[in-house]
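Take a look at the letters that make up each chain.
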Amino acid sequence: MPEEAEIRGTVSKVGEETVEVYEISLDLDDASREKLKTDPSGVMKRFLESQGYTVNALHMPDLRADDDGWPSGWSHIPSGPMKSHWFPILL
């Protein structure tokens, strides 16, 4: 059996943030589903802003055409240097 690769590096705490966790449920018709597939970041940013949230950054994973690749939830940082950054939660 091949030997495991050794990973070298360091971990440094750079600060503390408050994190909020959201579940987002979208009701999509065929047209909105296609738009979401072609521009996931833009669609999600516009949706969140339409709900009253500020979106300074939205980190989207590489999404597949099927529903299995979509985030199951989102974490939001409401303060500090990463204020209003949104990150997907993939379970």
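See the structure shown above.
Summarised in this report is the structure supplied together with it. All figures in this text were calculated on a predicted structure; none of them were measured in a lab.

Scanning all chains against the criterion turns up four salt bridges. Residue Glu16 pairs with Lys13 through a salt bridge whose shortest N-O separation is 2.8 Å. Grouping residues by exposure puts Glu16 and Lys13 together as exposed. Measuring nitrogen to oxygen at the nearest pair gives 2.6 Å for the salt bridge that ties Glu49 to Lys45. Placement of both Glu49 and Lys45 in helix α2 (residues 40-50) is noted, with a separation of four residues, approximately one turn of the helix. Owing to a relative accessible area of 35%, Glu49 belongs among the partly exposed residues under this scheme. The class for Lys45 is partly exposed, based on a relative accessible area of 32%.

Moving on, we come to the side chain of Ser84. Note on placement: Ser84 falls in the loop between β3 (73-77) and β4 (85-89). In this structure, Ser84 is in contact with Thr54, Val55, Asn56, Ala57, His76, Ile77 and Pro78, ignoring residues within four places of it in sequence.

Reading the values: rules and limits
Residues numbered from 1 in each chain as written. Predicted model: local features only at pLDDT ≥ 70, side-chain atom pairs only at ≥ 80, totals over all residues. Heavy atoms only, no water. Salt bridge = Lys/Arg side-chain N within 4 Å of Asp/Glu carboxyl O. Buried < 20%, exposed > 50% of the residue type's maximum accessible area, 1.4 Å probe, protein only. Helix = DSSP H or I, 4+ residues; strand = E, 2+ residues; numbered from the N terminus. Contact = heavy atoms within 4.5 Å.

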